[in-house]
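Below, each chain spelled out in residue letters.
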Amino acid sequence: MQTKAKHLEGMGLFAGVCLTSLATLMLQVSLTRIFSVALWHHFAFMVVSIAFLGFGASGTFLMIAPKIKERPMRPMLAKLALGLSVAGLTSYLCSNRIPFDPARLMWDRYQLVYLLGYYGVFAMPFFFSGLILALVYTHRAESVGRLYAWDLAGAALGCMGIFWIYSLAGGSGAILAVCLLAVLASLAFSSNGWRLNLVRWTWVAMLCLIMVTKPGFVNVNISPYKALMAALRYPDARLLETRWHAAGRLDIIESGAVRFAPGLSLEFRGSLPKQLGLCLDASRLNAVTRFNGNMDGITFTEFLPASLPYAVKEPGDVLIMEPMGGLDILAALYYGARKIVTTHSSPLVIKTMKTSLGPFSGNLYQGIVTSVAEQARSFLGRGRMHFDVIQLPLTDSVGAVSSGLYGLSEDYTLTVEAFQAYIGGLKPDGLFTATVYLLPPPRHEVRLVSLACSALEGMGAGHPERHLAAIRTWGAFTMLVKKSPFEPQEIQRIKDFCNRLRFDLVHYPNMTRAEANVYNRFPGPIYHDIIQKLLSPHDREAFYNEYLFDVRPVTDERPFFYHNFRMDKIASLYHAVGNKWQLFVEGGYLVHLIFLQALVVSLVMIALPLKKTGLPSSSWFLAYFGLIGIAFMFTEICLIQRFILFLARPVYAFSIVLFSVLFASAIGSYCSRKLAVTTSLPSPLKGGGGDRKPLLIKRLGRLPVLAIAPLLLIAYAFLLGRALDLAVGWPFWMRYVAAFFLILPLGFMMGMFFPVGVHTLRLSSRGTIPWAWCVNGCTSVIGSVLAVVIALGYGFKTVLCLAGLSYSLAIVALVFQNLSYHRYKGNPQ
């Protein structure tokens, strides 16, 4: 009976760890998604990243307040898990009341104070979660392999569970679900104590009541400067429907602000049909146009720059990427397209267009329109169809793009390899067209042309300028790429199109400077001049080096199309914008600020225990746990990026890759017991000095197994892309299975490092395990930010190689930690 009770007690501990980790990961993802809606993506990344340092703070707290470790573990864990539940909801509600708004940083000095408040309230739940795990690993260090495996398994389950919770309960509902999971963790740790149970069940009743009644105070408080809230401030505006998904939040609105016809010619004298707004994450404002099948109601599409390819040639088969509300589908229908295929990375858009918005849009996504729930590159990679026109439309509002809010967002639709896939998917005389907003000083427009030029050269085009044409309106820039060189009659049609609609020519083969800048005038033909320099093989490199912004073509290694800022041009840019610093509150520069914040806070937390405990006999363990924290995050982020394109659906790719890494690491952690030596070195004071050397050799002899991890990372850095290219045409389910098994060996090895390190500390310096936890938690945050910094400059392959280097150095540090302990035990003071 005692054995059975002990077994059940152990299972309760494992279940509590699993549920704690499950709740923590779901909370982290939920907060990132919610505040991508409430604020903006990169500010959500900043706040949640810094708040996650609460994990590291828990280790610091245990080091400077060691008496907490002397209390009975199970009741303490139960109370801390309940604290995690309360802190999760409290932090969310408090953040809704803190008046922080990134848009007001430019003029409101108190916003920095509010930002610190955000950091504080969001660090609370992660602090409780970290404290639970740190206590478990300290008290049960001999079982760390199994405990860490349950920890990772819980996080893996969280990757999958967040999908259906978001779909069922929405953003605030996901927070409440996390709180309920934390209560279950509390019960798993200990169900005893009537006072604690009274508090627990009262809290559960309160959570259930909030979940059922959905009071207004739990709704997400969205910045008034985001497109959704700005549109709802118009007279008689109203919110018609809101849908949540792991891919984001989708809102349907009726508002006078919804007038979506990018670059519409001023020659258009009519009025637009009624439109309803579509908002993704409260910021990407698009529109659905009322359509009843009558082409006379959509004549305005003839006046859009996106209609340029249809003026050059008659459309037959058309592919449109991410059409959102379907404006470009209407243009293709108006010009008589025979077959239209649309690709979507968000299944939420397709579902909404076919259900709620079906009658209003004339069931636009049915009939001759075939909707595919995958990215265009994956669809084209199967090589089943070729098209007369492939279109990359403009689907966002100008505000988000002009403010640089996508500086940290990877975009695999806008890389050299992507353009080569699009051009390769054309029929022999087919056209690829892309439209972006016209945003002086020229950045995105120029990079668009540089991508096309590089893609054409890579496909063997000796004179890419003969395959390119570009026009601009008062607010949009449209580029045409032809698989074969433009014919004279096609060039004449482009000129006629621009003359009729009063659009300006930017480039066509053998265009003269006098033909540019005619209707929508700048002081000079700046766009034409820049494009000519870019297309000239002799002037191109000098232009790239001297230009104020980074407009070089981006590849899949560095898929940051909207990241145009150059660190070496900061001073020049600062003077060019009139000595204003506000421009630098942007994704590309903000990541460096996040890194600096994380580094400073981490160093403080890691150094604090020195005042209490002094320098340990061997500090190699600090380097070891720091290096494996950085390496794990480097690898995790790179694998997610590598598989996004392969799995074709970014949201699912994130969950599947993260699940695979964590699940494989859980298996590796469980198997690490065979790698770790569980017997301490005998002390010479006890007469065991003669047996020390063989045991030390045995301990060190098992460490080379860990060297498989850096070797795998180097192999993945150079070979994984090729392997994925071979399988990109497989059915989705086969790709998901392939992704899991490709990740499995690397994840398995990664999962061994943490428990092996804890085993070593258990035998040499058990009291410093919380310190190791602090270092590992802090460097994990630093690693997640540093990976983005390095990828922006050098690409993800470099990040993977650095992950391999970090694991290699960690193995060296572990060897020195063992040798230091050997010397210390051999020469006791």
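Since we're looking at a predicted model, the values are computed, not measured.

Comments concerning the overall build of the protein
(1) Moving on: If you tally the helices and strands in the protein, you get 27 helices and twelve strands.
(2) Moving on: Within the protein, buried positions represent 60% of all 829 residues.
(3) Moving on: Here the contacts in the protein between residues at least 6 apart in sequence split such that 77% fall between residues at least 24 apart.
(4) Moving on: Accessible surface, the protein as shown: approximately 32,300 Å² in total, 62% of it carbon and sulfur.

Thoughts on the sheet that holds strand S1 (residues 238-245)
(1) Moving on: The strand order across the open sheet formed by four strands is S1-S2-S3-S4, and the pairing between neighbours is antiparallel. At either end of the open sheet lies a strand with only one pairing partner, and these are S1 and strand S4 (284-289). In this sheet, adjacent strand axes meet at a mean angle of 20° when their direction is disregarded.

As for the packing of aromatic side chains
(1) Moving on: Under the definition given, this model contains 34 aromatic pairs.
(2) Moving on: Taking 5.7 Å as the distance between ring centres and 80° as the angle between the ring planes, the aromatic pair formed by Phe625 and Phe754 counts as edge-to-face. Of this pair, Phe625 sits in helix H21 (residues 620-647) while Phe754 is found in helix H25 (residues 732-764), placing the two residues 129 residues apart along the sequence.
(3) Moving on: On the basis of relative accessibility, which here comes to 1%, the residue Phe625 falls in the buried class.
(4) Moving on: Residue class for Phe754 comes out buried when judged on its relative accessible area of 5%.
(5) Moving on: Grouped by ring-pair contacts, the aromatic residues Phe55, Tyr137, Tyr148, Tyr624, Phe625, Phe754 and Trp773 constitute a single cluster.
(6) Moving on: The ring of Phe549 has Arg443 lying over it, and the distance from NZ or CZ to the ring centre is 5.3 Å.

Structural notes on the layout of surface pockets
(1) Moving on: A volume near 650 Å³ is recorded for the largest pocket.
(2) Moving on: Forming the walls of the largest pocket are 30 residues, and the residues nearest its centre are Arg377, Asp556, Leu645, Gly721 and Asp725.
(3) Moving on: Sorting the residues of the lining of the largest pocket by element identifies helix H12 (376-381), helix H14 (416-424), H21, helix H24 (708-727) and helix H27 (796-826) as the ones contributing at least two each.
(4) Moving on: Residue contributions to the lining of the largest pocket peak at nine residues, all from H24.
(5) Moving on: Looking at the lining of the largest pocket residue by residue, the class counts come to 14 nonpolar, eight polar and eight charged.

Focus on the packing of helix H5 (residues 111-139) against helix H6 (residues 144-189)
(1) Moving on: Running from N to C, H5 and H6 cross one another at 165°; their axes reach a closest spacing of 9 Å. It follows from the interaxial angle that H5 and H6 lie roughly antiparallel. Considering only the axes of H5 and H6, their crossing is right-handed. Between H5 and H6, the contacting residues are Ile132, Leu133, Val136 and Tyr137 on the first element and Val144, Leu147, Tyr148, Asp151 and Phe189 on the second.
(2) Moving on: Residues of the contact of H5 with H6, tallied by class, amount to eight nonpolar, no polar and one charged.

Concerning the sheet that holds strand S10 (residues 468-472)
(1) Moving on: Strands sit in the order S7-S6-S5-S8-S9-S11-S10-S12 across an open sheet of eight strands; the sheet is mixed. Two strands close off the open sheet at either side, each with one partner strand: strand S7 (369-372) and strand S12 (504-507). Going from strand to strand, the sheet's axes swing by 20° on average, the running direction of each strand aside.
(2) Moving on: In this sheet, strand S8 (residues 387-392) lies alongside strand S5 (residues 317-321) in parallel orientation, the contact comprising three bridges. Opposite Val318, over in S8, you have Val389 as the bridge partner.
(3) Moving on: Running at roughly 170° to strand S6 (residues 339-343), helix H10 (residues 327-334) makes contact with S5, S6, S7 and S8 of the sheet.

Thoughts on the side chain of Thr768
(1) Moving on: With respect to the helices and strands, the residue Thr768 is situated in the loop between H25 and helix H26 (769-794).
(2) Moving on: When its relative accessible area of 8% is taken as the criterion, Thr768 is described as buried.

Details of the nonpolar core
(1) Moving on: In this structure, Tyr137, Phe625 and Phe643 are the most contacted members of the largest nonpolar core, which totals 227 residues.
(2) Moving on: Of the residues forming this core, the biggest block, 22 residues, is contributed by H6.
(3) Moving on: Every residue in contact with Phe643, bar those within four places of it in the chain, is listed here: Ala653, Val657, Leu720, Leu724, Ala739, Leu742 and Ile743.
(4) Moving on: Membership of the second largest hydrophobic core comes to 50 residues, among which are Ile390, Tyr422, Leu468 and Phe543.

Side note on the pattern of salt bridges
(1) Moving on: Taken as a whole and assessed by the stated rule, the structure comprises 24 salt bridges.
(2) Moving on: Here Arg447 makes a salt bridge to Asp550, at a shortest N to O gap of 3.3 Å. Residue Arg447 is found in helix H15 (residues 444-458), and its partner Asp550 is found in the loop between helix H18 (540-546) and helix H19 (570-576); the two are separated by 103 residues along the sequence.
(3) Moving on: Given the relative accessible area of 14%, Asp550 is considered buried.
(4) Moving on: Ionic pairing is found between Arg540 and Glu457, a salt bridge with its closest N-O pair at 3.1 Å. In this pair, Arg540 sits in helix H18 while Glu457 sits in helix H15, placing the two residues 83 residues apart along the sequence.
(5) Moving on: On the accessibility criterion, Glu457 (34% relative accessible area) is partly exposed.
(6) Moving on: It is possible to trace a salt-bridge network through shared partners that takes in Lys313, Asp317, Arg338, Asp388, Lys427 and Asp429.

Section: H14
(1) Moving on: The complete set of buried residues in H14 reads Val416, Ala418, Phe419, Tyr422 and Ile423. Projected onto a plane normal to the axis of H14, the buried residues spread over an arc of 160° and lie on a single side.
(2) Moving on: Of the surrounding elements, those touching the buried residues of H14 are S5, H12, S8, strand S9 (426-437), H15 and strand S11 (476-482).

A word on unusual backbone geometry
(1) Moving on: Unusually for a residue other than glycine, Asp281 sits at a positive phi of about 55°.
(2) Moving on: By the element assignment, Asp281 lies in the loop between strand S3 (275-280) and S4.
(3) Moving on: In this model, Ala282 sits at a positive phi of 65°, which is unusual for a non-glycine residue.
(4) Moving on: Looking at Ala282, the relative accessible area reads 0%, which means it is buried.

Re helix H3 (residues 54-64)
(1) Moving on: Counting buried residues in H3 gives eight out of eleven residues, a clear majority hidden from the surface.
(2) Moving on: Among the residues of H3, those classed as buried are Gly54, Phe55, Gly56, Ser58, Gly59, Thr60, Leu62 and Met63.

Focus on the confidence of the model for the protein
(1) Moving on: Mean pLDDT over the protein: 85, with 88% of residues reaching 70 or higher.
(2) Moving on: Under a pLDDT of 50 for its full length, residues 1-8 has, in the predicted model, zero contacts with residues more than four places off or in other chains.
(3) Moving on: Scored below 50 in pLDDT, residues 677-692 makes 38 contacts in the model with residues more than four places away or belonging to other chains.

Some details on a nonpolar patch on the surface
(1) Moving on: On the surface, Ile64, Leu596, Val600, Val604 and Leu608 cluster together into a nonpolar patch covering about 410 Å² of accessible area.
(2) Moving on: Sort the elements by how many residues they give to the nonpolar patch and helix H20 (residues 587-613) lands first, with four residues.
(3) Moving on: Examined against the element boundaries, Val604 turns out to sit in helix H20.
(4) Moving on: For Val604, a relative accessible area of 46% translates into the label partly exposed.

Remarks on the environment of Phe522
(1) Moving on: Within the element layout of this structure, Phe522 appears in the loop between S12 and helix H17 (526-535).
(2) Moving on: Under the relative-accessibility criterion, Phe522 is labelled partly exposed at 22%.
(3) Moving on: Filtering out sequence-adjacent residues up to four positions away, Phe522 remains in contact with Leu438, Pro440, Arg472, Asn517 and Tyr527.

What about the packing of H6 against H25?
(1) Moving on: Close contact between H6 and H25 brings their axes to 9 Å; oriented N to C, the two are set at 140°. As for the relative orientation of H6 and H25, their crossing is right-handed in sense. Residues Val144, Gly145 and Tyr148 of H6 lie in contact with H25, whose contacting residues are Gly751, Phe754, Pro755, Val758 and His759.

Side note on the environment of Ser378
(1) Moving on: Note on placement: Ser378 falls in helix H12.
(2) Moving on: Sequence-distant contacts of Ser378, defined by excluding residues within four places in its chain, comprise Ala648, Val728 and Arg735.

A few points about the pairing of S10
(1) Moving on: Extensive coverage of S10 is indicated by the burial of five of its five residues.
(2) Moving on: Burial of S10 is two-sided: the residues Leu468, Ala470 and Arg472 facing one way and the residues Ala469 and Ile471 facing the other way are all buried.
(3) Moving on: One ladder, built from five bridges, connects S10 with S11; its direction is antiparallel. Counterpart to Ile471 in the pairing with S11 is Thr478.

The rules behind these values
Residues numbered from 1 in each chain as written. Predicted model: local features only at pLDDT ≥ 70, side-chain atom pairs only at ≥ 80, totals over all residues. Heavy atoms only, no water. Helix = DSSP H or I, 4+ residues; strand = E, 2+ residues; numbered from the N terminus. Buried < 20%, exposed > 50% of the residue type's maximum accessible area, 1.4 Å probe, protein only. Contact = heavy atoms within 4.5 Å. Areas by Shrake-Rupley, 256 points an atom, 1.4 Å probe, with all protein chains shown as cover. Pairing = 2+ DSSP bridges. Axes fitted to C-alpha atoms, helices over the stretch in contact; angles between N-to-C directions. Phe/Tyr/Trp six-rings, centres within 6.5 Å; stacked < 30°, edge-to-face > 60°. Lys NZ or Arg CZ within 6 Å of the ring centre and 35° of its normal. 1 Å grid on protein atoms, 1.4 Å probe; cavity = no way out; pocket = protein on both sides within 12 Å on 5 of 7 lines; lining within 4 Å. Points joined across faces, edges and corners; volume = space filled by probe spheres on them. Nonpolar A, V, L, I, M, F, W, Y, C, P; charged D, E, K, R; others polar. Parallel < 35°, antiparallel > 145°, perpendicular 65-115°, else oblique. Left-handed = near helix turned anticlockwise from the far one by under 90°. Core = buried A, V, L, I, M, F, W, Y, C linked by side-chain atoms within 4.5 Å. Salt bridge = Lys/Arg side-chain N within 4 Å of Asp/Glu carboxyl O. Arc of directions from axis to C-beta. pLDDT = per-residue confidence, 0-100. Patch = residues over 30% accessible without salt bridge, like charges linked within 9 Å, V, L, I, M, F, W, Y side chains within 5 Å.

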